[in-house]
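One-letter residues, chain by chain:
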Amino acid sequence: MSYYAHATAVIDEGCLIGEGTKIWHFSHIMPGSTIGRDCNIGQNVVISPQVVLGNNVKVQNNVSVYTGVTCEDDVFIGPSVVFTNVFNPRSAITRKDQYRKTVVRKGASIGANATIVCGYEIGEYAFIGAGAVITKPVPAYALVAGNPGRQTGWMSEYGHKLKFDESGIAFCQESGEKYLLQHNKVRKEK
C-alpha cells in the first residue's frame, strides 16, 4: 500500500488512491473514486463513486464529496464544506440520472462551511470565503463571500487579496508576482 489509511477508515475495492495520500479516522472512500498523490483526507470524510481528486488536494474534516465532483490539483476544501449533486432533491423521487457536475479548478480554496450548489465551475485559484453559498460559476482568481456568494475582489495564487491600480496591474504581497485585470478577468503575468 503506497498510501496511509487509519484503521477506522473504510476503503472500498475499486477505488484508486495515489502514493503518499493520507486518509484519517472514520472516512469512507467508495468504489470508482480516484484520489491523486499526496492528498490529505481528514476525519469523517466521504468520497463518493466517480469523484476525482487531483494531486495534493486537502479535504478537511466532515466533508462529503458527492458523485459529480471533480477537483483538480492543489485544491483546498475546508472543514464541513457541503457539495450538492442534485439541484432539486426530493426524498420520494430518485434523481441519480440527474447529477450535475461540479468542477473545482487547480489551486482553488473553499472555506469552512461553504455550500457549493451543483452544476457550476469554480475557477483556478478562486477563493471561496467561509460560509459562502455558491449559486453560479466563480471566475478564476475571484474572491467570493456571503449568501448568496458575491464576488468581492480578486486573490493571488498565494491567497492574498489583489489591489489593482488604475491600469489594471497588481502584485502579490508575498510572491511579488504580477497580475493583470482586463475585461473583468485576471491573469498572472509570466
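An account of the accompanying structure is given in this report. (Residues numbered from 1 in each chain as written. Predicted model: local features only at pLDDT ≥ 70, side-chain atom pairs only at ≥ 80, totals over all residues. Heavy atoms only, no water.)

**Overview of the pattern of salt bridges**
Counted according to the given criterion, the structure contains six salt bridges. Between Arg105 and Glu72 there is a salt bridge; the shortest N-O distance is 2.4 Å. One end of the pair, Arg105, is in the loop between β15 (102-104) and β16 (109-110); the other, Glu72, is in the loop between β12 (69-71) and β13 (76-77), with 33 residues separating them in the sequence. Judged by relative accessible area, Arg105 falls into the partly exposed class, the value being 26%. Note on Glu72: relative accessible area 26%, which makes it partly exposed. In this structure, the salt-bridge partner of Lys188 is Glu177, at a minimum N-O distance of 3.2 Å. With Lys188 in strand β25 (residues 185-188) and Glu177 in the loop between β23 (169-171) and β24 (178-182), this residue pair connects regions lying eleven residues apart in the sequence. Residue classification places Lys188 among the partly exposed residues on the basis of a relative accessible area of 25%. Salt bridges sharing common partners tie together Glu72, Arg105 and Glu121. (Salt bridge = Lys/Arg side-chain N within 4 Å of Asp/Glu carboxyl O. Helix = DSSP H or I, 4+ residues; strand = E, 2+ residues; numbered from the N terminus. Buried < 20%, exposed > 50% of the residue type's maximum accessible area, 1.4 Å probe, protein only.)

**Structural notes on the packing of aromatic side chains**
Each aromatic ring pair is specified by the distance between its two centres and by the angle formed by the two planes. Enumeration according to the criterion identifies three aromatic pairs in this entry. Residues Tyr125 and Tyr141 carry aromatic rings whose centres are separated by 5.6 Å and whose planes lie at 20° to one another, so their mutual orientation is stacked. One end of the pair, Tyr125, is in the loop between β18 (121-122) and β19 (127-128); the other, Tyr141, is in the loop between β20 (133-134) and β21 (142-145), and 16 residues separate them in sequence. No difference in accessibility class separates Tyr125 from Tyr141, as the two residues are buried. A centroid spacing of 5.6 Å and a plane angle of 70° characterise the contact between Tyr141 and Tyr179, whose relative ring orientation is edge-to-face. Within this pair, whereas Tyr141 is found in the loop between β20 and β21, its partner Tyr179 is found in strand β24, the two being separated by 38 residues in sequence. Under the relative-accessibility criterion, Tyr141 is labelled buried at 3%. Members of the aromatic cluster, each reached through a chain of ring pairs, are Tyr125, Tyr141 and Tyr179. (Phe/Tyr/Trp six-rings, centres within 6.5 Å; stacked < 30°, edge-to-face > 60°.)

**Looking at the pairing of β24**
Inspection of the sheet shows β23 paired to β24 by three bridges, in the antiparallel sense. Across the sheet, Phe171 pairs through a bridge with Lys178, a residue of β24. Turn length for the β23-β24 hairpin, with the two strands adjacent in sequence and antiparallel, is six residues, and the turn residue Gly176 shows positive phi of about 80°. In the sheet, β24 pairs with β25 via four bridges, with the strands oriented antiparallel. Looking at β25, one finds that Tyr179 is bridged to Lys188. Where β24 folds back onto β25 in an antiparallel hairpin, the turn is made up of two residues, including His183, whose phi is positive at roughly 55°. (Pairing = 2+ DSSP bridges.)

**Examining the sheet that holds strand β4 (residues 22-23)**
The nine strands are arranged β1-β4-β7-β10-β13-β16-β19-β21-β22 in an open sheet whose pairing can be described as mixed. This sheet does not close on itself; its edge strands, each paired only once, are β1 (4-5) and β22 (150-154). Examined bridge by bridge, β1 and β4 share two bridges and lie parallel to one another. What sits directly across from Ala5, in β4, is Ile23.

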